[in-house]
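Next come the chains, spelled out residue by residue.
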Amino acid sequence: MNRLWVGIFDSHEHLLRATRLARQRGLTIHDTYAPFPIHGMDEAMGLEPSPLGWLCFLFAMTGLTLALSFQYWVSVFDWPMNIGGKSYNASPALLPIAFEFTVLCAGLGSVAAFLFLRRLSPGKKPALGGLGALDDRFLLALQAGPEASAEELRRFLQTQGALDIHEVAPDS
Amino acid sequence: MSEREGIFRPDQRTVLRLCIAAGLAAFAVGLWRAPHRAWAGLLLGNFYFLSLALAGAVFLAVQYAAGAGWFALLKRIPEAMTAYLPVGAGLVGLLGLCGLRDLYVWANPATASNDPILLAKAAFLNVPGYLLTAAVCLLLWHFLIRGLVANSQAQDDNGDLAYTAKNARLSCIFLVVFALTFSLVSMQWLMSLEPHWYSTIYPWYLFGGIFVNAVAVMTLLLLLLRHRGLLPEVRAGHLHDLGEYLFAFSALWAYLWFSQYLLIWYSNIPEETVHYAARFGPGWNILFWANPVVNFIVPFILLLEERSKKDERRLLAATLVLIAGHWLDLYLLVFPAILPRPLLGFIELGMFLGLAAAFLLRFDQAFRRAPPIPSRDPFLGESLHH
């Protein structure tokens, strides 16, 4: 893979503007890095909609089904108990636990799916570690290719107001 | 000065005036044939639209108190929704002076004086107390809300930033006053229809309903205004945020609806279950179980996806379902105390239509009075790029 040209910006607005323009010019955007999520960045980078929402729904439905069926099995088949003369399969009593377990599964499942989709794990080396994206800097990483030479990328980042420009290997 | 564009064309305003006339006719027929139905219809309809005016102001106050920027572009809509308040206050007065005996058991000396529970509650449930509480609450709401709207519109003239700070302070006061006064009137106006019964979560539950309904009506009015070519600056981001509000507060309503039901079902004490027993009677039970479906399950499915909150047609469908659902919710709070079986005739429908027309006309009038976009609001720039 070609080497990356990383522009370092001082605000998310500058990063967003540079990213939009890079996409308009047809440059290859490797990725952007920022200390916090930026509204509108998906659109600026032209990313596909995330599947995370649907995965979350799937985990939620799994949790709901598990919680309802387990409680039903316990209170109707395995260990029926007479509580205040109510029927064994009294559905209102099942709902609070079903609700909590739905939320738990949706939450934990979404985090796990996010980590898996982004290939993140504890102890993983941060991408472009030394360049300040974990601190207060906003990075735009462009990839040189047939549509733009290294020199053109450098000039583009400069005109966009990058404070500094680094050339890095793609796996660093 | 040239006439500003509003939500309705002049001929549509004439139709709305005819609807008000139909409402008056329904009320007159009701007073003649079945006074308890007429007063219950007035209580339901007036509470519906008065609470829209109030919850619109609550929405506005929440945005001011939080220093929210996204909302500046839309704030003229809830501001204009509060214009129903004086009409609603007048109708509360009419009901308080003439209709109490037909509606509330505790207001009738013949029944109340033999009832030990009602005698014990007489310090709270009595006619002068009802009138005094209503007058104090309505006056407090009127002055606080008028202050909010007047400051916001005065800012259009000179762009003074002090108005925003003033409104943030006023909003905090209003939110506290609202929480206390609304709890009081919700018990006195609605919960006391069944004066033997009580539920401490009732005002919360009612608030969940009126708030989601106010956001639904606000969204509907915004979509209608856009249909008329007004507020073209509104972007998908604004619709998305309104959709999120609808989604979240429909869930809050469901949470409170179920919380009240669960605890009463679980402890199974006769003085608490009497409320639900009335709603499990023939005819009512279908409506009772339809209530969580229209107010929670259908909007939940409609609004779950991110893009459905940005899509005007799906958002419109969700607002219409919620607006109808909130009517059903209130119908189930009021009418089981009045009628043995559900009944929806000319009296109920005509009066609700008339009050809806009055609300819309007041909204339209107030919306046309001020520029549709608060051009000097310090948050407008942020809102335009939302």
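What counts, and at which threshold
- Residues numbered from 1 in each chain as written.
- Chains lettered and ligands numbered in written order.
- Predicted model: local features only at pLDDT ≥ 70, side-chain atom pairs only at ≥ 80, totals over all residues.
- Pairing = 2+ DSSP bridges.
- Helix = DSSP H or I, 4+ residues; strand = E, 2+ residues; numbered from the N terminus.
- Axes fitted to C-alpha atoms, helices over the stretch in contact; angles between N-to-C directions.
- Contact = placed C-beta atoms within 7 Å.
- Core = buried A, V, L, I, M, F, W, Y, C linked by C-beta atoms within 7 Å.
- Buried ≥ 20, exposed ≤ 12 C-beta atoms within 10 Å, placed from the backbone.
- Expected span 1.5 Å × (residues − 1).
- Parallel < 35°, antiparallel > 145°, perpendicular 65-115°, else oblique.
- Left-handed = near helix turned anticlockwise from the far one by under 90°.
- Nonpolar A, V, L, I, M, F, W, Y, C, P; charged D, E, K, R; others polar.
- Domains from an automatic or database assignment.
- pLDDT = per-residue confidence, 0-100.

Peer 1: Can you help me understand the sheet that holds strand 3 (residues 138-143) of chain A in this one?
Peer 2: Where strands meet in a sheet, backbone hydrogen bonds hold them as pairs that are either parallel or antiparallel. All names here are of chain A. The four strands are arranged 2-3-1-4 in an open sheet whose pairing can be described as antiparallel. Across the chains shown, the open sheet's two edge strands, defined by having one partner strand only, are strand 2 (28-33) and strand 4 (164-168). Taken over all neighbouring pairs, the strand axes of this sheet differ in orientation by 25° on average, direction set aside. Pairing analysis gives six bridges linking strand 1 (residues 4-9) to strand 3, with the strands arranged antiparallel. Bridge pairing in strand 3 places Gly7 opposite Leu140. Of the strands in this sheet, strand 1, strand 2 and strand 3 touch helix 1 (residues 12-24), which is tilted by about 15° from strand 3. Sheet strands in contact with helix 5 (residues 150-159) are strand 1, strand 3 and strand 4, and its direction is about 10° off that of strand 1.

Peer 1: Where do I start with the nonpolar core in this structure?
Peer 2: Within soluble globular proteins, side chains that are nonpolar generally end up buried alongside one another. If you look at the biggest cluster of nonpolar residues, it comprises 105 residues, and the most contacted ones within it are Leu43(B), Leu52(B), Met81(B), Val215(B), Leu246(B) and Val334(B). Considering every element that reaches this core, the biggest residue donor is helix 2 (residues 35-66) of chain B, with 20 residues. Among the nonpolar cores identified, the runner-up in size contains 24 residues, and Leu4(A), Phe9(A), Leu27(A) and Leu153(A) belong to it.

Peer 1: Please explain helix 4 (residues 91-117) of chain A as it appears in this structure.
Peer 2: Structural remark: α-helix, 3.6 residues per turn; residues separated by three or four positions point the same way. All names here are of chain A. For helix 4, built from 27 residues, the straight-helix expectation of 39 Å at 1.5 Å per residue is met to within 8% by its first-to-last C-alpha distance of 37 Å. Turning to helix 4, its buried residues are Ala98, Phe101, Thr102, Cys105 and Ala106. On its buried side, helix 4 packs onto helix 3 (52-78). Once helix 4 finishes, Arg119 follows within two positions and takes phi at roughly 50°, a positive value.

Peer 1: Please clarify how unusual backbone geometry should be interpreted in this entry.
Peer 2: Note on backbone geometry: most residues besides glycine have negative phi, and most peptide bonds are trans. Residue Arg119(A) is not a glycine yet carries a positive backbone phi of 50°. Within the secondary structure layout, Arg119(A) lies in the loop between helix 4 and strand 3. Notably, Asn268(B) is not glycine yet its phi reads approximately 60°, a positive angle.

Peer 1: Can you walk me through the packing of helix 2 of chain B against helix 4 (residues 85-103) of chain B in this structure?
Peer 2: Helix packing geometry: the angle between the two helix axes and the distance between the axes. Residues and elements named next belong to chain B. Their axes nearest at 9 Å, the elements helix 2 and helix 4 cross at an angle of 150°. In terms of orientation, helix 2 and helix 4 fall into the roughly antiparallel class. Helix 4 is crossed by helix 2, and the crossing has left-handed handedness. Side by side, helix 2 and helix 4 meet where Pro35, His36, Trp39, Ala40, Leu42, Leu43, Asn46, Phe49, Leu50 and Ala53 of the first sit next to Leu85, Gly88, Leu91, Val92, Leu95, Gly99, Asp102 and Leu103 of the second.

Peer 1: Looking at this model, I keep getting lost on the interface of chain A and chain B. Mind explaining?
Peer 2: Where the parts come together, the accessible area they lose is often given as the size of the interface. Contacts between chain A and chain B engage four residues on the former and six residues on the latter. A breakdown of the residues in the side of chain A that touches chain B according to their chemical character gives two nonpolar, two polar and no charged.

Peer 1: What is the right way to read the domain arrangement of chain A from this model?
Peer 2: Along its sequence, chain A is carved into domain 1 (4-49 + 128-168) and domain 2 (52-117). Distance between the C-alpha centres of domain 1 of chain A and domain 2 of chain A: 44 Å.

Peer 1: I keep staring at the confidence of the model for chain B and nothing clicks. Help me out?
Peer 2: Do not read the predicted coordinates in detail wherever pLDDT is low. Residue and element names in this part refer to chain B. Per-residue confidence for chain B gives a mean pLDDT of 94, with 99% of residues at or over 70. Of all secondary-structure elements in chain B, the lowest mean pLDDT belongs to helix 5 (residues 109-112), at 84, while helix 2 reaches the highest, 97. The complex model carries a pTM of 0.90, and its ipTM stands at 0.81.

Peer 1: Got a minute to help me understand the packing of helix 1 (residues 10-33) of chain B against helix 14 (residues 346-369) of chain B in this structure?
Peer 2: Residues and elements named next belong to chain B. For the pair helix 1 and helix 14, the least separation of the axes is 7 Å and the interaxial angle reads 145°. Here helix 1 and helix 14 pass one another in a crossing that is left-handed. Between helix 1 and helix 14, the residues in contact are Arg13, Leu16, Cys19, Ile20, Ala22, Gly23, Leu24, Ala25, Ala26, Phe27, Val29 and Gly30 and Phe346, Ile347, Gly350, Met351, Leu353, Gly354, Leu355, Ala357, Ala358, Leu360, Leu361 and Asp364, respectively. Split into classes, the residues belonging to the contact of helix 1 with helix 14 amount to 18 nonpolar, four polar and two charged.

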